[in-house]
Amino acid sequence: MERTTLDLWVGLFVLAGIGALVFLALKVGNVGAFDTNKTYAITANFNNIGGLKVKAPVKSAGVVVGRVAEIRFNTADYEAEVVLNIGSVYKFPKDTSAAIMTSGLLGEQYIALEAGADDKMLAQGDTLKITQGAVVLENLIGQFIYGKSGEAGKSAAPAQ
Amino acid sequence: MHDNLVEIRGLHFAYGSRPILRGVDLTARRGQVIAIMGSSGCGKTTLLRLIGGSIRSTQGSVEVEGQDVAGLDQNGLYRLRRRMGMLFQFGALFTDMSVFDNVAFQLREHTNLPEPMIRDLVLMKLNAVGLRGAHDLMPAELSGGMARRVALARAIALDPMLIMYDEPFAGLDPISLGVTGNLIRRLTDTLGLTSIVVTHDVQESLKMVDYVYFISEGVVEARGTAAEIKSSGLPFVHQFVHGEEDGPVPFHYPAEPYGVDLGLNHA
Amino acid sequence: MLDGVRKLGRQTIDGVWRLGVAMRFFMLTLLHSGICLRRPQLVIREIFTAGVLSLIIIVISGLFVGMVLGLQGYETLQKYGSESALGSLVALSLVRELGPVLAALLFASRAGSAITAEIGLMKATEQIAAMEMMAVDPIARVVAPRFWGALISMPLLAAMFSAMGIFGGYLVGVVLIGVDEGSFWSQMQAAVDFRQDILNGVFKSGVFGVAVTVIALFEGYAAPPTAEGVSRATTRTVVTSSLAILALDFVLTAFMFRGA
């Protein structure tokens, strides 16, 4: 084969391969969404984090504003300590509250931030005061069944 | 300058425990065409590989230009091989390159010549073997005789001092046979080469060689000029030259007596 | 009985010996790779034969695998009402596993077998011996460019396979079935991590590339110079490199995604 044609084909091949990689990185992955040097870290303590994982999204009003950076166990008060990286462009008041939610019935867990009304804004290293841990499905079902059986007991007894 | 380009003394070689060569002495003078003849499988090709340094002898020495081939390291061997050409049995052309690129191969690998000069040199070499017009064909498009001529052009690309031919006449039609034979003689004379031809084609090679070695069972059985060989009274040479069925080289592979094998003696 | 044990012993010794020779061959190839920098044209040629010529099979297979993933994934996910997770299912399966592994398997049977057959035939027709007699090292001139050409092609092909697969999943899931386009992409982006998933996938395919090309080159170079020898070596290249890909995939996955 002519050398120039060969060069052309190989060039196109390499371009297509790099194009596929860029597509994977930008469109499929989330590279560049939150650069580590363009975020600030805040901490939130929860009594129970359920199935929350590192890198889970942090959302406010449903919009992703950051990611979970680290999950630790605090031996002093036996609580989970979660470090959140929030994008620098998103400023939140000091009295913002955090809650662990589940997307859909069985979906992944994320942290929802509810903005407060304080004049001062959160900064690097601050801790959120108001938090609400994960709702553990088993507990919920347990309560439900307990309640139901109690109810059933009440309603069934007269029938017999 | 050494007059003897290749000097082999007391050469032994064995594949594992099977001896191939058992004490061969051979000398090739500059400017000569030497033929090494013998029946198939007698170790002729092994001899060429020993001269080229791709295998090492178990005993004895091979000297090319006064250098002991077996004593050279990789670099020394490669330096020596640049001045040797070898024509393989079926040409061994690189099938993924055109005729032109095949002949240009060594020039491109070993020199930094500019492309126009390489082009001129390649066309000159191809012209010498009469195939200048075929330079952009692929090896698959060549006949057996043409492929061998291209391989010859490739072997002389770097103007070597020695060319070895492994069965250059095998499988050629009579015309190609004559062409190849004449070409070997002419190139040897005009380029001042030394040629070592391994062959079992007696009639064709006796027309053009200076000196002949007959090898049988790993030793040199007979030697002499073409005329001496033709008139030789040695039974082995006589059988070989005239192609007789039975003689010192028997028709039958060694076996038990025929009657024993058929079980006749038991009756 | 004793014969069986003896046979086992011989096979073990043969296997270990072969592995050692292959490693030595690999080291020699790396050692003689300087020529690839001096004459990049040699490598470009091999990228063409290994990479560009494998393009069609990779692109088409990727598309179909993605489309099947879209169909099957949708069938399963809709039972739980989580069709919107289709994007992340397709993307994660492809980027982490199917892209590198299937691309490498296809590459082994398309380019690997071709490399073995080519080198085996070059040996059988004395082209390798001729090259040595012309004072050109065949490891540097023939083997090393093929190694680097195939090694460069492999991750690019795997990336193209994944990209085409995701496109196929998009075609079936969004265009054909009607999963919401926004949630398809956003769920995917939320689930796929660049370093954890994509770069690891690229790394995996690089490792597979090394394994496939070394096996293919070695089998070709060590093939007995007969028609039967070359055909056996070609078969062995496909079988051995497929097994090597799957085994390596397990090992790499165990290291990469442990606990994460």
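Residues numbered from 1 in each chain as written. Chains lettered and ligands numbered in written order. Predicted model: local features only at pLDDT ≥ 70, side-chain atom pairs only at ≥ 80, totals over all residues. Heavy atoms only, no water.

Enquirer: Explain the sheet that holds strand 10 (residues 219-224) of chain B here, please?
Expert: In a beta sheet, neighbouring strands are held together by backbone hydrogen bonds and run either parallel or antiparallel to one another. Residues and elements named next belong to chain B. Spatial ordering of the open sheet is given by 6-7-8-3-9-10, a layout of six strands whose pairing is mixed. A single partner strand is all that each edge strand has here, and the edge strands are strand 6 (84-87) and strand 10. Taken over all neighbouring pairs, the strand axes of this sheet differ in orientation by 15 degrees on average, direction set aside. Both strand 6 and strand 7 (residues 162-166) contribute to a ladder of four bridges, which runs parallel. Pairing of Met86 across the sheet is with Met164, part of strand 7. Along the sheet face, helix 1 (residues 44-52) touches strand 3 (33-37), strand 6, strand 7, strand 8 (194-199) and strand 9 (211-216) and points at about 150 degrees away from the line of strand 7. (Pairing = 2+ DSSP bridges. Helix = DSSP H or I, 4+ residues; strand = E, 2+ residues; numbered from the N terminus. Axes fitted to C-alpha atoms, helices over the stretch in contact; angles between N-to-C directions. Contact = heavy atoms within 4.5 Å.)

Enquirer: Explain the pairing of strand 10 of chain B to me, please; I cannot follow it from the model alone.
Expert: The two faces of a sheet get side chains in turn, since along a regular strand they alternate between them. The pairing of strand 9 of chain B with strand 10 of chain B spans five bridges and is classified as antiparallel. Residue pairing in the sheet places B:Val212 in a bridge with B:Gly224 of strand 10 of chain B.

Enquirer: Just checking my understanding: could you explain the arrangement of the chains for this structure?
Expert: Most contacts, compared over the two pairs of chains touching, are made between chains A and C. The least C-alpha distance between chain A and chain B, which are not in contact, is 10 Å.

Enquirer: Hey, could you run me through the layout of surface pockets in this one?
Expert: Computed from the structure, the second largest pocket encloses a volume of approximately 1,200 Å³. Around the second largest pocket, the lining is made up of 35 residues, and of these B:Asp101, B:Arg108, C:Gln41, C:Arg45 and C:Arg141 lie nearest the centre. Mapped onto the lining of the second largest pocket, the elements with two or more residues apiece are helix 1 (3-28) of chain A, helix 3 (99-110) and helix 4 (115-128) of chain B together with helix 3 (40-50) and helix 7 (138-177) of chain C. The element contributing the most residues to the lining of the second largest pocket is helix 3 of chain B, with seven residues. Here the lining of the second largest pocket is composed, by residue class, of 16 nonpolar, five polar and 14 charged. (1 Å grid on protein atoms, 1.4 Å probe; cavity = no way out; pocket = protein on both sides within 12 Å on 5 of 7 lines; lining within 4 Å. Points joined across faces, edges and corners; volume = space filled by probe spheres on them. Nonpolar A, V, L, I, M, F, W, Y, C, P; charged D, E, K, R; others polar.)

Enquirer: Whenever I open this one, the interface of chain C and chain A confuses me. Can you help?
Expert: Reports often express the size of an interface as the amount of accessible area lost when the parts come together. Tallying the contact residues gives 27 residues for chain C and 24 residues for chain A. Taken together, the links from chain C to chain A amount to zero salt bridges. The tally of links between chain C and chain A comes to one residue pair in polar contact (both at pLDDT 80 or more). Elements that contribute at least two residues to the side of chain C that touches chain A include exactly helix 3, helix 5 (86-124), helix 7, helix 8 (181-191) and helix 9 (194-222) of chain C. (Salt bridge = Lys/Arg side-chain N within 4 Å of Asp/Glu carboxyl O. Polar contact = N/O pair within 3.5 Å; in protein donor to acceptor, adjacent residues only side chain to side chain.)

Enquirer: Please explain a nonpolar patch on the surface as it appears in this structure.
Expert: Residues and elements named next belong to chain A. On the surface, Val135, Leu137, Leu140, Ile141, Phe144 and Ile145 cluster together to form a nonpolar patch covering roughly 560 Å² of accessible area. With respect to the helices and strands, the residue Phe144 is situated in helix 2 (residues 137-159). Judged by relative accessible area, Phe144 falls into the exposed class, the value being 54%. (Patch = residues over 30% accessible without salt bridge, like charges linked within 9 Å, V, L, I, M, F, W, Y side chains within 5 Å. Areas by Shrake-Rupley, 256 points an atom, 1.4 Å probe, with all protein chains shown as cover. Buried < 20%, exposed > 50% of the residue type's maximum accessible area, 1.4 Å probe, protein only.)

Enquirer: What is the right way to read the packing of helix 1 of chain A against helix 3 of chain C from this model?
Expert: Packed helices, taken two at a time, are described by the angle between their axes plus the distance between the axes. It is the contact of helix 1 of chain A with helix 3 of chain C, at a shortest axis distance of 9 Å, that shows an interaxial angle of 65 degrees. Viewed along their axes, helix 1 of chain A and helix 3 of chain C adopt a mutual orientation that is roughly perpendicular. Between helix 1 of chain A and helix 3 of chain C lies a crossing whose hand is left-handed. Listed contacts from helix 3 of chain C to A:Arg3, A:Leu6, A:Asp7, A:Trp9, A:Val10 and A:Phe13 of helix 1 of chain A are C:Gln41, C:Ile44, C:Arg45, C:Ile47 and C:Phe48. Residues that form the contact of helix 1 of chain A with helix 3 of chain C fall into these classes: seven nonpolar, one polar and three charged. (Parallel < 35°, antiparallel > 145°, perpendicular 65-115°, else oblique. Left-handed = near helix turned anticlockwise from the far one by under 90°.)

Enquirer: I tried to follow the packing of aromatic side chains on my own but got confused; where do I start?
Expert: Aromatic ring pairs are defined here through the distance separating the ring centres and the angle between the ring planes. All chains considered together, the criterion is met by 13 aromatic pairs over all chains. Measuring from ring centre to ring centre gives 5.3 Å for C:Phe184 and C:Trp185, while their planes differ by 90 degrees; the resulting arrangement is edge-to-face. No difference in accessibility class separates C:Phe184 from C:Trp185, as the two residues are buried. Grouping aromatic residues by their ring pairs yields a cluster made of A:Phe23, C:Phe167, C:Tyr170, C:Phe184 and C:Trp185. The residue whose ring lies beneath A:Lys59 is A:Tyr110, and the NZ or CZ to ring-centre distance is 4.5 Å. The aromatic ring of B:Phe94 is capped on one face by B:Arg154, whose charged end is 4.7 Å from the ring centroid. (Phe/Tyr/Trp six-rings, centres within 6.5 Å; stacked < 30°, edge-to-face > 60°. Lys NZ or Arg CZ within 6 Å of the ring centre and 35° of its normal.)

Enquirer: Can you help me understand the sheet that holds strand 4 (residues 59-64) of chain B in this one?
Expert: All names here are of chain B. Ordered in space as 2-1-4-5, the four strands form an open sheet in which the pairing is antiparallel. Each end of this open sheet is capped by a strand with a single partner; those strands are strand 2 (18-29) and strand 5 (67-68). Along the sheet, helix 1 makes contact with strand 1 (4-15), strand 2 and strand 4, crossing strand 1 at roughly 120 degrees.

Enquirer: Would you explain the nonpolar core in this entry?
Expert: Nonpolar side chains in soluble globular proteins generally cluster together in the buried interior. B:Val6, B:Leu47, B:Ile51, B:Leu162, B:Met164 and B:Ile196 are the most contacted members of the largest nonpolar core, which totals 60 residues. With sequence-adjacent residues up to four places away left out, B:Val6 is seen in contact with B:Leu26, B:Thr27, B:Ala28, B:Ile51, B:Glu63, B:Val64, B:Leu162 and B:Ile196. Residues C:Ala111, C:Ile198, C:Val212 and C:Ile245 belong to the second largest nonpolar core, which totals 58 residues. (Core = buried A, V, L, I, M, F, W, Y, C linked by side-chain atoms within 4.5 Å.)

Enquirer: Quick question: what am I supposed to make of the side chain of C:Ser33 here?
Expert: Residue and element names in this part refer to chain C. Residue position: Ser33 is located in the loop between helix 1 (2-31) and helix 2 (34-38). Assessed through its relative accessible area of 9%, Ser33 is described here as buried. One polar contact links Ser33 to Trp148, side chain to side chain, over a distance of 2.8 Å. With sequence-adjacent residues up to four places away left out, Ser33 is seen in contact with Ala144 and Trp148.

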